[in-house]
Structures are given as C-alpha cells and as structure tokens.
Amino acid sequence: MGNSCVTGAPHALLEKTDDPASQWKIIGFSSLLEKGATTVTSDVFHYYGYEWVLEVTPKHKKSGLGSPYVAVSLLLLNTLEAGHVMNALFELSMYNHSNRTYCGFKASNNFHVKKWYSEKKCLIPLEELLKSSDFLVDDICVFGVKILKADISFARKKAAVVPKKVVVIPKKPITVQNLFLQKKEFIKGTYTWTMSNFVDLKLPVLSPAFEVGGYKWHIKMYPCGDQFSTKSLSLYLCMVEPSMLTLELGMMIELTLSILNWKNGKQWTRAGSFVFEGTTNGWGWPNFIPLRMLKDRFFGNIMGSNCIVKADIAIIGSSIDG
C-alpha cells in the first residue's frame, strides 16, 4: 500500500505537533516485531463523511536511511467520484510519554481512486524506539493523526486541476482506539480455494464460506481488478457477518493471501495485519498481482483454467484487554 518513504529524523529532531484528532494506542508493540509484521493497519476513524485509517510499518527500510525506521502513512478508504482529487494536509505523530506531547511531521497528499494512500513517513529509527523511555513505555506506543485541511478538486483532462470545494473540518474530542496484542495462544486457520473456471471470470466472485476463530469468512476476488487497482488482480478477506463485531470487540487479524504456482510449488504472497470490526467490509490488496503476470502461462500461476488461492489467518489481538 505505497512503498516510498519520506526521509525521517531521530526523535530529537521531530517537530512538536498539535494534539491529534485520532489516537491509536498499540499495547504490546514488541509482538509486532516478534511476529515479523510488515505493516499493521488501524480501525477506521471518521472525518467529515470519509473513512480513514493509519498504517504503521514497524521495520521500514529505505536505501540511504541505514537501520529500519518506524513509519506511518494515512489511507483514505472511501471512493472519491471519478476525476475528483482530495488534497489533504495532515499531521502524523507519536506520543512522548515523558513530556506528554506529540511529535511528528506535517505531510500532504493528493488522494484519488488510484492512489488512496500517502507516502510512508519515517518517524524514528526502530533501534532508537526500543531503547526509548519517551515513545515506548510498558511496551505501549501511541500514534496520532490530525487532518488540518482538505480541498476536493476536479481534474480535467489536459488542463489544470480546478478547485471544487473546501472541506470544513469540525472540532471534536480526540477519538481513541486501543489495540491489545497477544503474545501467544493465537487462533489460526488456513483455507484453500481452487477455482476451475478462472479464465472465464469477469465479475467479482466470493469463495465458499469457511470458519476461523468462531467467525465465517470469504475470500473476495476481482478477476479484472476493482476500481482501486492498476491492471492487477484484486484480492480481499471479508467477514460473512461483520455486524457480529462491535468497535469494542474489534480484532486484529494477521492475514496472508497467496496464489499457488503450479510450476514450482512456490506462492505469490502478500501479508499484513488489519483490524476488523462491525463496519469493516474487508481488507486486502487491490494490486495483488499484475494481470499480465497472472495470466501468462510462462509464470505458472494458472494451469488450464485453474487457479488456487490460499488464506492464512491468525487472530493476534483485539480492541479489548483479554
């Protein structure tokens, strides 16, 4: 979900920011590292009719930065109308437990249907965070976001972007999300879905329902890509009855989706950690695998008209303690 990084700085050089409008507290941050999490995504928070999430990358590496950094990015989940662009100015921050302030950076991004995530913003070297008594206390790390300004514009072809309207951002109390990560006794499950008519598929398709952790799930596939993809297969994990979960019962899922390679037995795989709660439609990847690579027989991802998709799921945390 975005793979670039804006050069960050040691925490001594982080700027003081305003208190965030939304706060995400991760209790058990070291569990992300022990499980090798590449990214972890917050629950949804709301600003003026749009849904947003924070994505934290605990061990982000970029050429020239040396050691891994803790990086944060902002995602816009709602689909903007075709041709419309939201230019947002926002602050991404971390909480300093010692002086009870937030530190981070201002950032901006043009969100649209094909680019619904901001660049990763490197906040602090991971090694420095783990030694810190400022930003990591009792294995708790707190991230924040505040949207300062948002303009929605319409991009005309072969012309400048024409301003449409300025979104008014109301003042409201800080919304707080808590994530309690488990260290052991994970509930795990694996499901394999074999499709015998993949090459004929054009419309979205759901796998048969399967059960993990007392909940039923579907794999949802867009064979030609959804509105967020760029010439790629789109693949998601969806709950059959998300209304069974409330915000208080939201759970963190470690998800790996794979396509089996018929030639060498290897897998084309993407992995991430996501919060599911009562309003979550599903999580996954709009650009899971390029269609040219998927459909080219040379690569071995399909055999005849058959395609095999596998989901590996582990419930690693929840919005409530215990």
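Residues numbered from 1 in each chain as written. Predicted model: local features only at pLDDT ≥ 70, side-chain atom pairs only at ≥ 80, totals over all residues. Heavy atoms only, no water.

Student: Please explain the overall build of the protein chain as it appears in this structure.
Tutor: For the protein chain, the count of helices and strands is three helices and 22 strands. Expressed as a percentage of the 322 residues in the protein chain, the buried residues total 51%. Restricting the contact set of the protein chain to residue pairs at least 6 apart, pairs at least 24 apart contribute 67%. Surface exposure of the protein chain reaches about 15,200 Å², of which carbon and sulfur atoms provide 54%. (Helix = DSSP H or I, 4+ residues; strand = E, 2+ residues; numbered from the N terminus. Buried < 20%, exposed > 50% of the residue type's maximum accessible area, 1.4 Å probe, protein only. Contact = heavy atoms within 4.5 Å. Areas by Shrake-Rupley, 256 points an atom, 1.4 Å probe, with all protein chains shown as cover.)

Student: Got a minute to help me understand the pairing of strand 21 (residues 283-290) in this structure?
Tutor: For a regular strand, the rule is simple: side chains alternate between the two faces of the sheet. Here strand 21 lies mainly inside the structure; six of its eight residues are buried. Pairing of strand 18 (residues 232-239) with strand 21 involves five bridges; the strand directions are antiparallel. Considered in strand 21, the bridge of Leu235 is made with Trp285. (Pairing = 2+ DSSP bridges.)

Student: How do you make sense of the environment of Asp19 when you look at a structure like this?
Tutor: Structurally, Asp19 can be placed in the loop between strand 2 (15-17) and strand 3 (22-27). Sequence separation between Asp19 and Tyr95 is 76 residues; the distance between their C-alpha atoms is 9.1 Å. Those residues in contact with Asp19, other than ones at most four positions away along the chain, are Tyr102, Lys146 and Ile174.

Student: Would you take a moment to explain the nonpolar core for this structure?
Tutor: Nonpolar side chains tend to gather and get buried jointly when the protein is soluble and globular. If you look at the biggest cluster of nonpolar residues, it comprises 48 residues, and the most contacted ones within it are Phe29, Trp52, Met86, Leu129 and Phe143. In terms of residue count, the dominant contributor to this core is strand 11 (residues 140-155) (six residues). Discounting residues that sit within four places of it in the chain, Phe29 has contacts with Pro58, Val70, Leu126, Leu129, Leu136, Asp139, Cys141 and Phe143. In this structure, Val44, Phe198, Met239 and Ile259 belong to the second largest nonpolar core, which totals 43 residues. (Core = buried A, V, L, I, M, F, W, Y, C linked by side-chain atoms within 4.5 Å.)

Student: Sorry, what's going on with the pattern of salt bridges here?
Tutor: Note that side chains of opposite charge can pair when their charged atoms are close. Enumeration according to the criterion identifies five salt bridges in this entry. Note that Lys106 and Glu91 form a salt bridge whose closest N and O atoms lie 3.3 Å from each other. With a gap of 15 residues between them, Lys106 in strand 9 (residues 101-111) and Glu91 in strand 8 (residues 84-96) connect regions that are remote in the sequence. The class of Lys106 is partly exposed, set by a relative accessible area of 46%. Between Lys131 and Glu127 there is a salt bridge, with the nearest N and O atoms lying 3.3 Å from each other. (Salt bridge = Lys/Arg side-chain N within 4 Å of Asp/Glu carboxyl O.)

Student: Honestly, the packing of aromatic side chains in this entry has me stumped. Any pointers?
Tutor: When we look at a pair of aromatic rings, we describe it by the centre distance and by the angle of the planes. In the structure shown here, the tally under the stated rule is 11 aromatic pairs. Ring geometry for Trp217 versus Phe276: centroids 5.3 Å apart, planes at 90°, classification edge-to-face. Taken together, the positions of Trp217 in strand 17 (residues 215-222) and Phe276 in strand 20 (residues 267-276) put the pair 59 residues apart, joining distant regions of the chain. The two residues Trp217 and Phe276 agree in class, both being buried. Linked through ring pairs, Phe274, Trp283, Trp285 and Phe288 together constitute an aromatic cluster. Here the guanidinium or amino end of Lys121 rests over the ring plane of Phe105, the centre of that ring lying 4.8 Å away. (Phe/Tyr/Trp six-rings, centres within 6.5 Å; stacked < 30°, edge-to-face > 60°. Lys NZ or Arg CZ within 6 Å of the ring centre and 35° of its normal.)

Student: Explain the side chain of Ser31 here, please?
Tutor: Along the chain, Ser31 falls in helix 1 (residues 29-34). Ser31 has contacts with Leu181, Gln182 and Lys183, leaving out every residue within four places of it along the chain.

Student: Honestly, the environment of Val205 in this entry has me stumped. Any pointers?
Tutor: Tracing the sequence through the fold places Val205 in strand 15 (residues 205-206). Here the alpha-carbon distance between Val205 and Lys220, two residues 15 residues apart in the chain, equals 5.9 Å.

Student: Where do I start with the pairing of strand 3 in this structure?
Tutor: Across the six residues of strand 3, five count as buried, placing the element largely inside the fold. Note that strand 3 and strand 13 (residues 175-181) share six bridges and pair parallel. Counterpart to Trp24 in the pairing with strand 13 is Gln177.

Student: How do you make sense of the environment of Gly300 when you look at a structure like this?
Tutor: Note that Gly300 resides in the loop between helix 3 (291-295) and strand 22 (307-318). Note on Gly300: relative accessible area 2%, which makes it buried.

Student: Would you explain the confidence of the model for the protein chain in this entry?
Tutor: The predicted coordinates should not be examined in detail at positions where pLDDT is low. Of the residues in the protein chain, 86% reach a pLDDT of 70 or more, and the chain-wide mean stands at 82. Mean pLDDT values over the elements of the protein chain span from 44, in strand 1 (residues 5-6), up to 95, in strand 16 (residues 210-212). Contacts for the low-pLDDT stretch residues 1-10, under 50 throughout, to residues beyond four places or in other chains number 34 contacts. (pLDDT = per-residue confidence, 0-100.)

Student: Is there a simple way to think about unusual backbone geometry in this case?
Tutor: Among all residues save glycine, negative phi is the norm, and among peptide bonds the norm is trans. Residue Asp138 is not a glycine yet carries a positive backbone phi of 55°. Along the chain, Asp138 falls in the loop between helix 2 (126-131) and strand 11. Judged by its relative accessible area of 70%, Asp138 is exposed. Even without a glycine there, the phi angle at Asp139 is positive, about 65°.

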